[in-house]
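Below, each chain spelled out in residue letters.
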Amino acid sequence: MNRPPARRTGEQSQQEQREQRQQCEHGAGSVTVLATVFLTLALLGAAAALGTAATAAARASGAADLAALAAADAARGLVLADPCALAAQTADRHGATITACAAAGDGTVHVRTRYESTLPWPSEGVSRAGPPASTVPR
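Residues numbered from 1 in each chain as written. Predicted model: local features only at pLDDT ≥ 70, side-chain atom pairs only at ≥ 80, totals over all residues. Heavy atoms only, no water.

Overview of the packing of helix 2 (residues 28-76) against helix 3 (residues 83-93)
Their axes nearest at 8 Å, the elements helix 2 and helix 3 cross at an angle of 150°. Classified by the angle their axes make, helix 2 and helix 3 are roughly antiparallel. The chirality of how helix 2 crosses helix 3 is right-handed. Facing L66, A67, A70, A71, A74 and A75 of helix 2, the residues of helix 3 in contact are P83, L86, A87, T90 and A91. Considering only residue class, the contact of helix 2 with helix 3 consists of ten nonpolar, one polar and no charged. (Axes fitted to C-alpha atoms, helices over the stretch in contact; angles between N-to-C directions. Helix = DSSP H or I, 4+ residues; strand = E, 2+ residues; numbered from the N terminus. Parallel < 35°, antiparallel > 145°, perpendicular 65-115°, else oblique. Left-handed = near helix turned anticlockwise from the far one by under 90°. Contact = heavy atoms within 4.5 Å. Nonpolar A, V, L, I, M, F, W, Y, C, P; charged D, E, K, R; others polar.)

This is the structure in structure tokens:
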């Protein structure tokens, strides 16, 4: 059952090659796991930033809508106040600031708000409100 020496050398070299390959691949699983964890954390961070941006945009828009409605009531004379001052107060109560306010002669008010969030850029909301179409003089 003795094998010829040439064949034995070939088997030994194959065994050595297998061992060398295993040594080269040692730690490859750790790198893959670390890359997967890093990618997952990056995606979670991006999703959190997107959620924060969406929330800030909704708050800016809501503040602009409410400020415009309050200002339109003041412009129509339903509330005794300056339309833009009332819009600024309303926006301030909702955490936003007025960046532009313009009241038209027909009772329509255009309002632009800015909402600061944890993101490096502010969110802006724009709204227009006025009397119902059936009450607007033609």
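A short note on the pattern of salt bridges
Applying the stated criterion across every chain yields a total of two salt bridges. E124 is the partner of R112 in a salt bridge, and the nearest nitrogen-oxygen pair spans 3.5 Å. With R112 in strand 2 (residues 109-115) and E124 in strand 3 (residues 123-129), the pair connects residues that are twelve residues apart, well separated along the chain. Of the charged contacts, one joins E124 and R114 as a salt bridge, the two residues approaching to 3.1 Å between their closest N and O atoms. One end of the pair, E124, is in strand 3; the other, R114, is in strand 2, and ten residues separate them in sequence. (Salt bridge = Lys/Arg side-chain N within 4 Å of Asp/Glu carboxyl O.)

Topic: the environment of T118
Along the chain, the position of T118 falls in the loop between strand 2 and strand 3. Judged by relative accessible area, T118 falls into the exposed class, the value being 74%. Sequence spacing of T118 and A49 is 69 residues, and the spatial spacing of their C-alpha atoms is 9.2 Å. (Buried < 20%, exposed > 50% of the residue type's maximum accessible area, 1.4 Å probe, protein only.)

Thoughts on the pairing of strand 2
With burial as the criterion, only one face of strand 2 is covered, namely that bearing V109, V111, T113 and Y115; the residues H110, R112 and R114 on the opposite face remain uncovered. Relative to strand 2, strand 1 (residues 97-103) runs antiparallel, the two being bridged by six bridges. Note that in strand 2 the partner of T97 across the bridge is R114. Hairpin connection of strand 1 to strand 2: five residues between the antiparallel strands, including G107 at a positive phi of 95°. Here strand 2 pairs with strand 3 via seven bridges, running antiparallel. Looking at the pairing, R112 lines up with V126 of strand 3. (Pairing = 2+ DSSP bridges.)

Digging into helix 2
An ideal rise of 1.5 Å per residue puts 72 Å on 49 residues; helix 2 measures up with 72 Å between its terminal C-alpha atoms. A53, A56, A60, A63, A64, A67, A68, A70, A71, A72 and A74 are the residues of helix 2 that are buried. Downstream of helix 2 by a residue or two, G77 has a phi angle that is positive, lying close to 90°. (Expected span 1.5 Å × (residues − 1).)

Observations concerning helix 3
For helix 3, the set of buried residues is P83, L86, A87, T90 and A91. Each buried residue of helix 3 sits inside an arc of 135° when the element is viewed along its axis, so together they form one side. Of the residues in helix 3, the exposed ones pointing more than 90 degrees away from the buried face are D92 and R93. G95 occupies a position one or two residues after helix 3 and carries a positive phi of about 80°. (Arc of directions from axis to C-beta.)

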